[in-house]
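Architecture at a glance
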Amino acid sequence: MLYDKDVTTNFLQGKKLAFIGYGSQGHAQANNLRDSGFDVIVGVRPGKSFDKAKKDGFQVYSVAEAAKKADWVQLLTPDEIMPDVYKEQVAPYLEAGNVLGFSHGFNIHFKEIVPPAGVDVVMMAPKGPGNLCRRTYVEGSGVPALYATYQDASGHAEDLAKEFAKGNGAARAGLLKTTFKEETEEDLFGEQNVLMGGITSLIETGFEVLVEAGYSPELAYFEVDHEMKLICDLIYEGGFAKMYNDCSNTSEYGSYTRGPKVVNAESRAAMKQNLREIQDGTFAKEFMADFRNGFKKLYAYRAEMEKSQLQQVGEELRARMPFVKNEDKYSD
Ligand code: NDP
Ligand code: MG
Ligand code: MG
């Protein structure tokens, strides 16, 4: 891990940094780098983000205009939008010596974006949501980040990535070196199999099994959904050891003996298959095809999720629990 004191080069000084997109990451990174003393502009389409960036005191331009002015173009639109934005509004204005920056490796790794020789291509990927990156920066701490180099035209691309991460406050918490390939594949694997795909499938299946067996949906909701956060908090704080220590011996014994029957050899094989489809580009191709088809599949899955019994029951119960706040805690 690298920290502030380890990043001592000065290649970023004097460069004009354009943040393309002013959403979760764009607003956090633009504000953090500006407060760290760098020359920051914003490039975004007219609309909500454009107005917010103006209100926050930035010079705001069209994407093309910002790309033309900048030495460093940091692409922070949604990943699926990025290839078109890049091709039409950024690529024509990239010059030798410029830096093209990312916060996720998807488009470079899967060759949706193919940058020209002569520019540095780097990544600074914060390991947390944008609002948290901004809030912790203001408080004097930061969110750790990964950094990587894909193309080193200048001979100091890696130093630039590290300086950029330091400017974002990430080196206060720690910088970890990676590659575009590793970051992309690991990120997709985590969200598909454990963090989002895994956890939602587990909650939903547990809920359905209980309700089908005649247990009340409300009770089932509390058992397999609401309590999830409490258990995760304990794991976050002290690993499985702390979590088991805070729970009963009955639950611990049941966990060791029954859990592996649920997430079993078949699940492990499915995870490995999912990983192969990430590695060979099958997932990326499928996702981008759905995007180019108007996200028909994504929106159908979303509609199905929204009308599920679990979501409905959960909404009713959460409305009666004012202490469960459905708001963005990290907005600034
Ligand atoms: P958001 O969806 O929060 O923000 C996207 C921004 O892009 C908005 O300002 C939006 O403006 C703008 N935008 C959308 N379409 C266009 C367009 N056609 N032309 C110009 N601007 C457009 O994105 P995130 O910040 O979540 O993600 C940005 C990048 O950061 C991605 O690569 C993501 O993988 C990565 N990342 C995100 C993290 C996070 O915290 N969310 C964490 C780590 C990495 P408008 O308001 O007009 O829609
Ligand atoms: Mg991701
Ligand atoms: Mg219990």
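Being a predicted model, the structure only gives us computed values, none of them experimental.

Cut-offs and rules
- Residues numbered from 1 in each chain as written.
- Chains lettered and ligands numbered in written order.
- Predicted model: local features only at pLDDT ≥ 70, side-chain atom pairs only at ≥ 80, totals over all residues.
- Helix = DSSP H or I, 4+ residues; strand = E, 2+ residues; numbered from the N terminus.
- Expected span 1.5 Å × (residues − 1).
- Buried ≥ 20, exposed ≤ 12 C-beta atoms within 10 Å, placed from the backbone.
- Contact = placed C-beta atoms within 7 Å.
- Near = placed C-beta within 6 Å.
- UniProt positions renumbered as here; feature names shortened; annotations may be inferred.
- Pairing = 2+ DSSP bridges.
- Right-handed = clockwise from strand over helix to strand, strands pointing away.
- Core = buried A, V, L, I, M, F, W, Y, C linked by C-beta atoms within 7 Å.
- Domains from an automatic or database assignment.
- pLDDT = per-residue confidence, 0-100.

Now for helix α1 (residues 24-35). For α1, spanning twelve residues, the distance from its first C-alpha to its last is 17 Å, which sits close to the expected 16 Å at 1.5 Å a residue. For α1, the buried fraction is high: ten of the twelve residues fall into the buried class. If you check which residues of α1 are buried, you get S24, Q25, G26, H27, A28, Q29, A30, N31, N32 and L33. Residues of α1 that are buried in the fold lie against β1 (16-20), β2 (39-43), α2 (48-55), β4 (72-75), α6 (130-139) and α7 (157-167). Where α1 terminates, the next one or two residues include G37, which has phi positive at roughly 100°.

Turning to the site of ligand 1, a few remarks are in order. Near ligand 1, the surroundings consist of 24 residues, among which G21, G23, Q25, S49 and H104 are the closest. For the shell around ligand 1, the secondary-structure elements that each account for two or more residues are α1, α2 and β6 (120-126). Examining the composition of the shell around ligand 1, we find that three residues originate from one element, α1, more than from any other.

Listed under "domain: KARI C-terminal knotted" (unreviewed entry) in the UniProt record, and renumbered for this structure, are residues 179-324. The span residues 179-324 shows a helical share of 85% and a strand share of 0%, and its end C-alpha atoms are spaced 38 Å apart.

Another aspect to go through is the environment of R34. Residue placement: R34 occurs in helix α1. Exposure remark for R34: the 19 C-beta atoms within 10 Å place this residue in the partly exposed category.

What follows deals with the pairing of strand β7 (residues 145-151). The two faces of a sheet get side chains in turn, since along a regular strand they alternate between them. For β7, a buried count of five out of seven residues is recorded, marking the element as mostly surrounded by other parts of the structure. With six bridges joining them, β6 and β7 adopt antiparallel strand pairing. Note that in β7 the partner of M124 across the bridge is Y147. Where β7 and strand β8 (residues 175-177) come together, three bridges link them in parallel fashion. Note on β8: the bridge partner recorded for L146 is L176. Note that the unit made of β7, α7 and β8 has a crossover that is right-handed.

This paragraph deals with unusual backbone geometry. Keep in mind that most residues, glycine aside, have a negative phi and that most peptide bonds are trans. Phi is positive for K111, close to 60°, though the residue is something other than glycine. Tracing the backbone through its elements, the reader meets K111 in the loop between α5 (106-109) and β6. On the neighbour-count criterion, K111 (10 C-beta atoms within 10 Å) is exposed. Even without being glycine, F295 reaches a positive phi, approximately 55°. Here F295 is to be found in the loop between α13 (282-292) and α14 (296-306).

Before going further, it helps to examine the UniProt feature "binding site: Mg(2+) 2" (unreviewed entry) in the protein. The sites that carry the UniProt feature "binding site: Mg(2+) 2" (unreviewed entry) are, in the present numbering, D187, E223 and E227. For this annotated set, covering 41 residues, the C-alpha atoms extend up to 28.8 Å from each other, a dispersed arrangement in space. Its place among the elements puts D187 in helix α8 (residues 180-195). Look at D187 and you get partly exposed, because 18 C-beta atoms sit within 10 Å. By the secondary structure assignment, E223 is in helix α10 (residues 217-246). What makes E223 partly exposed here is the crowd of 14 C-beta atoms within 10 Å.

As a rule of thumb, nonpolar side chains are buried together in soluble globular proteins. Counting residues in each nonpolar core, the largest one holds 57 residues, and the members touching the most others are I20 and A161. Contact partners of I20, with chain neighbours within four places excluded, come to G43, V44, V63, A66, V73, Q74, L75, L76, T77, V85 and V90.

Looking now at the domain arrangement of the protein. Along its sequence, the protein is carved into domain 1 (4-178) and domain 2 (188-319). Once you take the C-alpha centre of each, domain 1 and domain 2 turn out to be 32 Å apart. Tallying the contact residues gives four residues for domain 1 and four residues for domain 2.

Below, the discussion takes up the confidence of the model for the protein. For the protein, per-residue confidence averages 96 on the pLDDT scale, and 98% of positions sit at 70 or higher. In the predicted assembly, ipTM is 0.98 and pTM is 0.93.

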